[in-house]
There are 6 protein chains.
Amino acid sequence: MDDLRFMEFERITEEILGCSGGACGIEEQMKFLQLPNREKVEDMVDKLFQLVYPGYFRDRSLKFYNIRHFLTTLMEDVAYHVEQQVQLALRYRHGDMTEDERQDKAVAITKAFINAIPRVREHLLLDIRAFYEGDPAAENTDEIIVSYPGLRAVTVYRFAHELFALGVPVLPRIMSEYAHAQTGIDIHPGAQIGKYFFIDHGTGIVIGETTVIGDHVKIYQGVTLGGLSTRGGQSLRGKKRHPTIEDNVTIYSGASILGGETVIGHDSVIGGNVFLTKSVAPFTRVSVQNQELAITEARFHE
Amino acid sequence: MDDLRFMEFERITEEILGCSGGACGIEEQMKFLQLPNREKVEDMVDKLFQLVYPGYFRDRSLKFYNIRHFLTTLMEDVAYHVEQQVQLALRYRHGDMTEDERQDKAVAITKAFINAIPRVREHLLLDIRAFYEGDPAAENTDEIIVSYPGLRAVTVYRFAHELFALGVPVLPRIMSEYAHAQTGIDIHPGAQIGKYFFIDHGTGIVIGETTVIGDHVKIYQGVTLGGLSTRGGQSLRGKKRHPTIEDNVTIYSGASILGGETVIGHDSVIGGNVFLTKSVAPFTRVSVQNQELAITEARFHE
Amino acid sequence: MDDLRFMEFERITEEILGCSGGACGIEEQMKFLQLPNREKVEDMVDKLFQLVYPGYFRDRSLKFYNIRHFLTTLMEDVAYHVEQQVQLALRYRHGDMTEDERQDKAVAITKAFINAIPRVREHLLLDIRAFYEGDPAAENTDEIIVSYPGLRAVTVYRFAHELFALGVPVLPRIMSEYAHAQTGIDIHPGAQIGKYFFIDHGTGIVIGETTVIGDHVKIYQGVTLGGLSTRGGQSLRGKKRHPTIEDNVTIYSGASILGGETVIGHDSVIGGNVFLTKSVAPFTRVSVQNQELAITEARFHE
Amino acid sequence: MDDLRFMEFERITEEILGCSGGACGIEEQMKFLQLPNREKVEDMVDKLFQLVYPGYFRDRSLKFYNIRHFLTTLMEDVAYHVEQQVQLALRYRHGDMTEDERQDKAVAITKAFINAIPRVREHLLLDIRAFYEGDPAAENTDEIIVSYPGLRAVTVYRFAHELFALGVPVLPRIMSEYAHAQTGIDIHPGAQIGKYFFIDHGTGIVIGETTVIGDHVKIYQGVTLGGLSTRGGQSLRGKKRHPTIEDNVTIYSGASILGGETVIGHDSVIGGNVFLTKSVAPFTRVSVQNQELAITEARFHE
Amino acid sequence: MDDLRFMEFERITEEILGCSGGACGIEEQMKFLQLPNREKVEDMVDKLFQLVYPGYFRDRSLKFYNIRHFLTTLMEDVAYHVEQQVQLALRYRHGDMTEDERQDKAVAITKAFINAIPRVREHLLLDIRAFYEGDPAAENTDEIIVSYPGLRAVTVYRFAHELFALGVPVLPRIMSEYAHAQTGIDIHPGAQIGKYFFIDHGTGIVIGETTVIGDHVKIYQGVTLGGLSTRGGQSLRGKKRHPTIEDNVTIYSGASILGGETVIGHDSVIGGNVFLTKSVAPFTRVSVQNQELAITEARFHE
Amino acid sequence: MDDLRFMEFERITEEILGCSGGACGIEEQMKFLQLPNREKVEDMVDKLFQLVYPGYFRDRSLKFYNIRHFLTTLMEDVAYHVEQQVQLALRYRHGDMTEDERQDKAVAITKAFINAIPRVREHLLLDIRAFYEGDPAAENTDEIIVSYPGLRAVTVYRFAHELFALGVPVLPRIMSEYAHAQTGIDIHPGAQIGKYFFIDHGTGIVIGETTVIGDHVKIYQGVTLGGLSTRGGQSLRGKKRHPTIEDNVTIYSGASILGGETVIGHDSVIGGNVFLTKSVAPFTRVSVQNQELAITEARFHE
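Residues numbered from 1 in each chain as written. Chains lettered and ligands numbered in written order. Predicted model: local features only at pLDDT ≥ 70, side-chain atom pairs only at ≥ 80, totals over all residues.

A short note on the relation of the copies chain A and chain C
Rotating chain A by 120° and translating it 0.0 Å along the rotation axis places it on chain C, where the RMSD comes to 0.0 Å. Such a combination of rotation and displacement between the chain copies is what one expects of a three-fold axis. The two copies present different faces, since only 12% of the interface residues in chain A are matched by interface residues at the equivalent positions in chain C. (Least-squares fit on C-alpha atoms with pLDDT ≥ 70 in both. Contact = placed C-beta atoms within 7 Å.)

Here we look at the interface of chain A and chain C
On the side of chain C, 61 residues touch chain A, which itself brings 68 residues to the contact. Within the residue set of the side of chain A that touches chain C, elements represented by two or more residues are α1 (9–18), α2 (26–32), α8 (171–183), β7 (224–226), β10 (256–258) and β14 (284–288) of chain A. Per element, the largest residue contribution to the side of chain A that touches chain C is 7 residues, and it comes from α1 of chain A. A class-by-class count of the residues in the side of chain A that touches chain C yields 29 nonpolar, 26 polar and 13 charged. (Helix = DSSP H or I, 4+ residues; strand = E, 2+ residues; numbered from the N terminus. Nonpolar A, V, L, I, M, F, W, Y, C, P; charged D, E, K, R; others polar.)

Observations concerning helix α3 (residues 38–52) of chain A
End to end, α3 of chain A covers 21 Å across 15 residues, agreeing with the expected 21 Å (1.5 Å per residue, within 8%). Listed in full, the buried residues belonging to α3 of chain A are V41, M44, V45, L48, L51 and V52 of chain A. Projected down its long axis, α3 of chain A shows its buried positions confined to an angular sector of 115°, all on one face. Structurally, α3 of chain A contributes buried residues whose contacts are with α4 (67–93), α5 (99–134), α7 (149–165) and α8 of chain A together with α1 (9–18) of chain B. (Expected span 1.5 Å × (residues − 1). Buried ≥ 20, exposed ≤ 12 C-beta atoms within 10 Å, placed from the backbone. Arc of directions from axis to C-beta.)

Structural notes on the sheet that holds strand β7 (residues 224–226) of chain F
Residues and elements named next belong to chain F. An order of β1-β4-β7-β10-β13 is seen for the 5 strands of this open sheet, with the pairing classed as parallel. Edge strands, defined here as strands with exactly one partner in the open sheet, are β1 (186–187) and β13 (275–276). Pairing analysis gives 2 bridges linking strand β4 (residues 206–207) to β7, with the strands arranged parallel. Considered in β7, the bridge of I207 is made with L225. (Pairing = 2+ DSSP bridges.)

A few points about the relation of the copies chain E and chain F
Relative to chain F, chain E is turned by 120° and slid 0.0 Å along the rotation axis, the superposed coordinates differing by an RMSD of 0.0 Å. Different-surface contact between copies: only 13% of interface residues of chain E are shared with the interface of chain F.

Looking at helix α1 (residues 9–18) of chain F
Buried within α1 of chain F we find F9, I12, T13 and I16 of chain F. Looking straight down α1 of chain F, one finds its buried side chains confined to an arc of 105°; they lie on one side. Tucked inside the fold, the buried residues of α1 of chain F contact α4 (67–93) of chain C together with α3 (38–52), α4 (67–93) and α5 (99–134) of chain E.

Notes on the sheet that holds strand β5 (residues 212–213) of chain E
Spatially, 4 strands are ordered β2-β5-β8-β11 (chain E) in an open sheet, and the strand pairing comes out parallel. Single-partner strands in this sheet number two, and they are β2 (192–193) and β11 (263–264) of chain E.

Some details on the pairing of strand β14 (residues 284–288) of chain C
Here is the key point about a regular strand: its side chains alternate between the two faces of the sheet. All names here are of chain C. Of all 5 residues that make up β14, 5 are buried, and the element is covered over most of its length. In β14, alternate side chains face the same way, and those of T284, V286 and V288 on one face and R285 and S287 on the other are all buried. Across 2 bridges, strand β12 (residues 269–270) lies against β14 in parallel orientation. The partner of V269 across the bridge, within β14, is R285.

Purely spatial values, then, with no claim about function.
Have a look at this one:
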């Protein structure tokens, strides 16, 4: 091991930090120390689950007799961290705000967010009902709350969307990528999703930033609600690039629906593996038909 | 930060807890405190890996000279936690059982489960052989045990299936969703899977509750063995809704095979992206044929 | 709980350890205690992120005023652990090496790896630029570094590939499966990937061991760059089994490109869900065309 | 290291467990698994400090805006653990109680204990005043609360004494030994101590089980209020073996006052290193007088 | 356990917080949240040991090849926390300072403190030499550094004294009470202690705030260098109340030397258990003489 | 905080490391990295308590049904760490041993130590009996095992003494200083102590390296069994410097017995605060007699 003692670690550090141009100067770095903290955001999300599903996600640190006191204490803790992380996010984006403006704005956003929790919970209870009714394998709603990745993703989405709608930068995305990593379901916090939303299995689902989804929509694993093309790159920012899904639509596994002008009319069913870049009328059933399959003998199996 | 101090946190707590109807009354909540504990279940699963793959997943807390003593101690720990969590699961589902009945049943289930470990291990050793033979990128079986997500998912499945077969509610599902989160592979603990099972890459695989799979079956990433439709919702519970895959079948990436009456005859090969809702005879090779592709010049690349 | 006290735990341990043949004898086990340690490897990867993206992934254990000192200390720590794990990996594969040879080789590999960090970082900065330009939803490059799973997977790949190229066994695979578990993106460390590589969303992507990818390539979720068939099993080891993707190619979601002789010519676009087993010329646009869809009325919605 | 692998660890375990007679049979052992848990008791004590000195001993796990919610939650947690540990202690001592009797008694004791907290706090505020007035080195009362070992010992004593007075076995002693280990001050929970009690420095102080101390008493390091002799051993149990110290007494460092019939009359001062086994009247000043000291030249210093 | 659910925890909280007068109103409490943090201070002290005794107290979090980089990083961390805690301490004491003044002062103090570390280390190396030469049981100086409580107490004292001399309130006392709890040795940070200071065993030693100690002084367990009386209480603040010990003095176990005007002349030896309230000339040996001992037969041993 | 960023931390590091002479050169430092690890030694001691008092000190990491398996596993862990730390200690002291010699010696010592555990336990059971019989405040032997600092110190001493007797350097002292910090009782591992040893309260007790103590000896808090003088410093190493206490002797609190030739004859009683530097015959009772006390009126109490 002798040799490693004499490596020029300092020189390599210099090389890492010293690269010219771009975002790599030492002064530049310092500013990033102000980004919202991923670990704290994830902890905050975990506590939000304890708040909206009281009793399901047990905190190990404190025993209680009256869940009311515990929830109130937990909520103050969440409020504290939301406020902290929102301030960091605002400082990051709005370098020109004064410290006071930033603080005032962070407090206002936090208040709005905390006040929204009961409303978010009501939405989630409707989602849970949709999950239960949609999945024959679900024994009961408790199992769904405790173990369904689809509900996990939807829950994080609904909270992240609140912050997105309040104009908070960066933070909602960190939240949704946390859910993405846990579930394989990628819902952009900017998407608009109605009531009674149901995701089954879920791995591989992508729902883009400008997607609009109605009520009573069901989506299965591997579905993409995406952009038609990204040719324009950054010039497309802010434009509607992802489809609109109206009420009572079911989209089976592996289907792709692309484009900002694509509208799936209400009460339609999109079959598995369907690839759609055009709108369909309400009450339409679309499925892969006559998929030409070569069916040959395989006696000498590979 | 002044303002937040005066938020009505208590009122919001009331709103969260007080919503009328459904599963949200305070008394209701208390019952959920009795659900199996996700964190403990995940810890139990991690220890099962140490038990069936002795030496591969090292425990940091204790050094040992004779792996035999260590495994025996670990097994007692696993038995303790299985018994605890099974009791919680039984209390949850069978509210009418007496405490004594529940305890007797939990002990009986735990014994059966622990006794099954050597048998499960033998199955897994066959799976590992299938993994090794099926994957040219595998250097050796150790690499497979230590790092292949497919084997991780299969291992958890085989244990969860034992508990499922013993009639334990909720718990097997928490186990399989743990594997799902880690691997992106979603195998319902109710599925029946034969020997020499091989999963490659695996992300996006869904294997439904009533699926039946024979021996020497290979499945690639993104394959769905699913229900044909979920129109019936909860009324479909308990019915066979997912396909049957006979021995020696290979199913390539992205294929979907749907429906409870769909049978893939033995020694067949299902090609990538195939979408099947009907049975195929033994020794059949099915592949997407003549997929009509528009091939145009793209000189002005996006 | 009475009964469990009298279970024959020791007998079951014997059964687990005593199975005849294969990799399960007690003496065999002992050797596996020498495999690289998954937990330490994952910790090492986390620290590599702190090194190449200084300031973005904050270490909680130490505060600092001058990031230079902190990075240098961190780099020594990384070097230490790389050297340790490389030694374990070498011992595992090359049982015939003397202890001294192994140590010399491990030191040499570690030096090469640490010296490569600045170069890897330069590559990653180009990747980040590609991510930013390719994704209209990206607000800025910081958000990409902190939260994009695609960049996470690419970062781990670039480091794992360095070790793979230096001939280190097992270790690179543990690294890439760590990224796979976190992101659902499975890039084999043996793949060769050029500059300005962009992955969007990413869940379900599989890039096989012998894949070759040029510069300015974009890949979306669910894309497989895989082998045509695995009929040959282990006999295929070392052969080129995965496709070649030339410069400036875009591959949309769900597309599968298979086979070692398949070449996607430069400046081509492969559309969503396309299934390709043959080469296409440069400047080609391939898309699913005339997918025959059954479009029927669905008034009595399921 | 080879050799150790073949040690007869099992035989040594047998020797440890198999020794005949006394408290060492395996069945005997099992009963001890029911003793109050030292670690949990210590955690409970730490939380009592947070409760009686709100704001001084910060909990890291939860941030709050309104200390009221936090304290209430904390108090429920303390109540839970007190009840648990009291049950264990009762089971240990009263093997003949039914489970129900034990539970009822534990609940009653816990209620009495929790209700006593405000009263204990009032007492402690008076002690703090005595500490401040007695110590010229004390800058303020906050410093005393945060850092004085004397106050730490007195605080633990006052809580342990409550449980002792409620008839709880074992538990109070574990509490007082926790304080003893932290401060070097050994106050038996059975001692009776009045208001405005002040301990300075404190290391080495011993206050026996049947000691009675009035109001406004000051005690310095190394003071023993002990038994005259322990000749009688267990036959002395329950008898008054330790002295009585009336109001307004000061006892300087290293003094020993021994015997159950020894009474230090009110408003007396006992000087440093005095050794007393007899009572002294009120308003008495006792000091070592004419300590015969050999005073010689020490020019050739050791 | 039923009952506890209905306890009036909130009422008891009110009682705790609502007591009239003194330091217990809710608004009052809030201010205390600003005290230096005991846990952080203790962590800072542990790191100071790593800094002044490099290599002896190993940090587990980071491996290194060049201790220089590690120490520099550690020093920055210590500087950060010193600055933070000094700010808290200043805010606590100097409520009237502006935030800017406080920050400037905290930075100035921290700089002075960090710059003093090499000097403190030199002093400590002399102390270590005194420990080694004074204790025949010491095998070598390493054992002293790693395990002697006396050196631990002296080390913390020397650092706490630096901060005390720089006018930092509260913080030095928290540091010295940390050492007191670990060693039973209570050295007030205000004491002035010369070079080559040696403490043996140490438990029970008390060295008061205004004590002055010369070079080459040795002190044994149970020695008090204290005030003659505390009759005056707070009115004595700031006055010299503790003795002066000149160079080359040895004070054996259990001796008490009291009073601000008491001077122990250089090259004197104070014997065990001696109780002194008057000065002695240089080159004096003082010992308990002709201690009248009752020596009687004890055939019927207790 | 600006300023601290520009402190010359590197220069200060140089000063710390660069001081000329003594034990402070960088190369010197590296050797100390080989000292036994205090934290690991303390962990080992805690596990020894679990081993000799099975059931009293519960391990949280593993549940078990058969304490036999758990103890065996724990014993292997202890053996592993003893062997590791003994090797470090040997390397430290015997720089000239070959690696193989060192390893062989460490294995031999570890075997002897582990084999001694049952014998040590038998001794401790006798000590516990002495504790119970000697202390009227002891309710039962369990309380003594769980909470008496005296027994803690004696237990650690008995184990440290085994290693001391086996010629292990440094390590035994680290063990005894761990007990010293926890209990305020300082027993040098070199002391020889007979059966049925009882320590009450214990804070401040010092028992020197060459002390010899018979059976059935009782010692109270603040007792010193020390050297007469340390004039000779290191030249006294290895000589008998501390007293001999024969069987059935009781030594009350605060007594000092000094000198290597001082023998307290069997069946004697040494009273509180007695200061002895000469031998006493068997069956002798020694007490402070006619301590001249000034008894004056104290009506104007301080």
